[in-house]
2 protein chains.
Amino acid sequence: MSLPDDPRRTLAEDLRLRIADEIVQGTLVPGAALDETELAHRFEVSRTPVREAIRQLAASGLIDTKPHRGAVVARPTEAEIAGMFEAMADLEALCAARAAERMTGSERRALEAVQEELRALVHLGDPHQFLEADERLHDAIHAGAHNDYLADLTRATRARLQPFRHAPAREVGRLAASHGEHERVVVAIVRGDRDGAAAAMRDHVLIVRDDYGVYVAALPAAERPAPAP
Amino acid sequence: MSLPDDPRRTLAEDLRLRIADEIVQGTLVPGAALDETELAHRFEVSRTPVREAIRQLAASGLIDTKPHRGAVVARPTEAEIAGMFEAMADLEALCAARAAERMTGSERRALEAVQEELRALVHLGDPHQFLEADERLHDAIHAGAHNDYLADLTRATRARLQPFRHAPAREVGRLAASHGEHERVVVAIVRGDRDGAAAAMRDHVLIVRDDYGVYVAALPAAERPAPAP
DNA sequence: GATGATTTGTACGTATGTATA
DNA sequence: ATATACATACGTACAAATCAT
């Protein structure tokens, strides 16, 4: 309905991806209501595929639903966010550990190549491009763990936290620091140092989490995670 | 529709739980087709809530769907199952480690009490009751980690693997052995030995995984995970 | 506390795509 | 290869529940 040639298979699936994207990108902020009729109008479809997309997003944790009360973009408490960051640190550390053990030679070389890219982007100071390459670095590590389930869990966790990671990662000071942290991770993985890779990755993620505190405090009240229900 | 007073809020939610239960309990075996019309008739509802339940189950990974081709109970390959077991071992180990650090005094005492129950049930030799108490033990550890997100991930992973864990856990010889493995875990947690708890738990889960091989080989071809697509 | 407006939940009909003969 | 059968995908109408007045 949107484009001449349609690469999607079903409307519901297409909507799921588009709504998820809007949440992760920040177009739909945490706490925002997802009105079925409104979404149906906006995407020029009926409510049925919208509802099915919402159901799937609810199962993935990106949105919250209450019976007869509709859906809102998930707005976890600070404690829940802290827990998710902790879990993400552990999951990313696991991926890094497995990657150190299992990456093939070409995977290790590709990892180093992305790290080189990042080094160049730090100097350019373009946060958007840096973030894009940063995602590729983490993705390469997830894939290098050679465990699809673990990689999926880790990526899903990153996606759920993405709405709360925009601001810190965009601060320029973080770019160089982040690159330095990555360096430890990449070196350990390439060297096959499982425990070193895990420790370096955990440190990196926890530093990002600490930066998050600043971001939460800067959010307007309506978009801020509730202190405690 | 099933009981005089209905504790559920929506049909779709109720169906999601009931279908998930049938998959986990083994009534619906891996590979079984989930016919919308048939399920709608069986549960005496229209196809709409059935479809929404199926969408949520697909998002949780318990079933697979192909556009215009319906849904089947997930039938992961042997490699995928192995990966999920590996991830479960890591997740359970993480929970055990956190529990060793964070459990309150009463949580530790409750954990020991469940372990005592299990000891008694080994002697009774009732696999069903043993499995029920075993679930409670693991649940107590998940909760004791004091990280809801991590606990949810771990429980979801257990649920996805449950259809492949029936046979091994029911063999009587495993009961006493399983109890012995638990003993190491519980002692380490109560003692606050983080690394010991993690190691003991990882060992326990990996032993269960190794037993799984026997079960897969014993399945009829139609219910057996495909070797490789 | 009751009532009305609004939104979600459910049922059902039709179209479309896939698989089989 | 074409046609036919069948299950799914989507749209629409109605019922039920929640919130505001």
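Residues numbered from 1 in each chain as written. Chains lettered and ligands numbered in written order. Predicted model: local features only at pLDDT ≥ 70, side-chain atom pairs only at ≥ 80, totals over all residues.

Re the overall build of chain A
Thought 1: Assigned secondary structure in chain A consists of ten helices and three strands.
Thought 2: Reading the helices (α) and strands (β) of chain A from amino to carboxyl end gives α-β-α-α-β-β-α-α-α-α-α-α-α.
Thought 3: Counting every position in chain A, which comprises 229 residues, the buried fraction comes to 38%.
Thought 4: Contacts in chain A between residues far apart in sequence, at least 24 positions, make up 73% of those at least 6 positions apart. (Helix = DSSP H or I, 4+ residues; strand = E, 2+ residues; numbered from the N terminus. Buried ≥ 20, exposed ≤ 12 C-beta atoms within 10 Å, placed from the backbone. Contact = placed C-beta atoms within 7 Å.)

As for the sheet that holds strand β3 (residues 70-73) of chain B
Residue and element names in this part refer to chain B.
Thought 1: Taken together, three strands build an open sheet; the order of strands is β1-β3-β2 and the sheet is antiparallel. Since the sheet does not close on itself, it has two edges, and those belong to β1 (33-34) and β2 (63-66), each with one partner.
Thought 2: Bridge count between β1 and β3: two bridges; the pairing is antiparallel. Bridge pairing in β3 links Leu34 to Ala71. (Pairing = 2+ DSSP bridges.)

Here we look at the protein's contact with DNA strand C
Thought 1: The local shell around DNA strand C holds 16 residues, among which A:Gly70, B:Thr10, B:Leu11, B:Ser46 and B:Thr48 are the closest.
Thought 2: Contributing elements (two or more residues each) for the surface near DNA strand C: α2 (36-43) of chain A together with α1 (11-25) and α3 (47-60) of chain B. (Near = placed C-beta within 6 Å.)

Considering the relation of the copies chain B and chain A
Thought 1: With an RMSD of 0.1 Å, the operation that places chain B on chain A is a rotation of 180° combined with a shift of 0.0 Å along the axis. Such a turn and shift between the copies fits a two-fold axis. Considering only C-alpha atoms, the residue of chain B closest to the rotation axis is B:Gln56, which sits at 2.5 Å.
Thought 2: Both copies share a contact surface, since 95% of the interface residues of chain B are interface residues in chain A too. (Least-squares fit on C-alpha atoms with pLDDT ≥ 70 in both.)

Structural notes on the packing of helix α4 (residues 78-102) of chain B against helix α7 (residues 148-161) of chain B
A packed helix pair is summarised by two numbers, namely the angle formed by the two axes and the spacing between the axes.
Residues and elements named next belong to chain B.
Thought 1: Interaxial distance between α4 and α7 falls to 10 Å at its minimum, and their mutual angle equals 145°. For the element pair α4 and α7, the recorded crossing hand is left-handed. On α7, the residues that touch Met84, Phe85, Ala87, Met88, Leu91, Glu92, Leu94 and Cys95 of α4 are Leu150, Ala151, Leu153, Thr154, Thr157, Arg158, Arg160 and Leu161.
Thought 2: Residue classes in the contact of α4 with α7 are distributed as eleven nonpolar, two polar and three charged. (Axes fitted to C-alpha atoms, helices over the stretch in contact; angles between N-to-C directions. Left-handed = near helix turned anticlockwise from the far one by under 90°. Nonpolar A, V, L, I, M, F, W, Y, C, P; charged D, E, K, R; others polar.)

Examining the protein's contact with DNA strand D
Thought 1: Around DNA strand D there are 17 residues in total, and A:Leu11, A:Ser46, A:Thr48, B:Glu36 and B:Gly70 lie nearest to it.
Thought 2: A class-by-class count of the residues in the surface near DNA strand D yields five nonpolar, eight polar and four charged.

Quick word on the interface of chain B and chain A
It is common to give the size of an interface as the accessible area lost on bringing the parts into contact.
Thought 1: Counting from both sides, the interface comprises 22 residues of chain B and, opposite them, 21 residues of chain A.
Thought 2: For the side of chain B that touches chain A, the secondary-structure elements that each account for two or more residues are α3, α4 and α7 of chain B.
Thought 3: Here the side of chain B that touches chain A gets seven residues from one element, more than from any other, and that element is α4(B).
Thought 4: Of the residues belonging to the side of chain B that touches chain A, the class tally is eight nonpolar, five polar and nine charged.

A few points about the sheet that holds strand β3 (residues 70-73) of chain A
Sheet strands associate in pairs through backbone hydrogen bonding, adopting either a parallel or an antiparallel arrangement.
Residue and element names in this part refer to chain A.
Thought 1: Ordered by their spatial adjacency, three strands build an open sheet running β1-β3-β2, and the pairing between neighbours is antiparallel. The sheet is open, and its two borders are formed by β1 (33-34) and β2 (63-66), each paired with just one other strand.
Thought 2: The pairing of β2 with β3 spans four bridges and is classified as antiparallel. Across the sheet, residue Lys66 finds its bridge partner in β3, namely Gly70.

Here's the deal with the domain arrangement of chain A
All names here are of chain A.
Thought 1: For chain A, the assigned domains are domain 1 (11-73) and domain 2 (78-217).
Thought 2: Using C-alpha coordinates to define each centre, domain 1 is positioned 28 Å away from domain 2.
Thought 3: With seven residues of domain 1 at the interface, the matching set in domain 2 holds six residues. (Domains from an automatic or database assignment.)

Let's talk about the environment of A:Ala159
Residues and elements named next belong to chain A.
Thought 1: Tracing the backbone shows Ala159 in helix α7 (residues 148-161).
Thought 2: Here Ala159 falls in the partly exposed class, since 16 other C-beta atoms lie within 10 Å of it.
Thought 3: Sequence separation of Ala159 and Asp21 is 138 residues, and the distance between their C-alpha atoms is 9.4 Å.

Observations concerning the nonpolar core
Side chains of a nonpolar character, in soluble globular proteins, are inclined to be buried together.
Thought 1: Residues A:Ala96, A:Ile189, A:Ala197, B:Ala96, B:Ile189 and B:Ala197 are the most contacted members of the largest nonpolar core, which totals 80 residues.
Thought 2: Filtering out sequence-adjacent residues up to four positions away, A:Ala96 remains in contact with A:Ile141, A:Val185, A:Ile189, A:Ala197, A:Ala198 and A:Met201.
Thought 3: Membership of the second largest hydrophobic core comes to 17 residues, among which are A:Leu28, A:Ile54, A:Leu62 and A:Ala71. (Core = buried A, V, L, I, M, F, W, Y, C linked by C-beta atoms within 7 Å.)

Focus on α7(B)
Thought 1: Taking 1.5 Å of rise per residue, 14 residues should cover 20 Å, and α7(B) covers 20 Å from first to last C-alpha, within 8% of that figure.
Thought 2: Listed as buried for α7(B) are B:Tyr149, B:Leu150, B:Ala151, B:Leu153, B:Thr154, B:Thr157, B:Arg158, B:Arg160 and B:Leu161. (Expected span 1.5 Å × (residues − 1).)

What about the environment of B:Arg160?
Thought 1: The topology assignment puts B:Arg160 in helix α7.
Thought 2: Spatially, the C-alpha atom of B:Arg160 lies 9.7 Å from that of B:Ala20, the residues being 140 residues apart in sequence.

A short note on helix α5 (residues 105-124) of chain A
Residue and element names in this part refer to chain A.
Thought 1: The terminal C-alpha atoms of α5 lie 29 Å apart, and with 20 residues this matches the ideal 28 Å at 1.5 Å per residue to within 8%.
Thought 2: Along α5, the residues that are buried comprise Leu111, Val114, Gln115, Leu118 and Leu121. Down the axis of α5, the sector holding all buried residues measures 120°, keeping them to one side. Of the exposed residues in α5, those oriented more than 90 degrees away from the buried face are Gly105, Ser106, Arg109, Glu116, Ala120, His123 and Leu124. (Arc of directions from axis to C-beta.)

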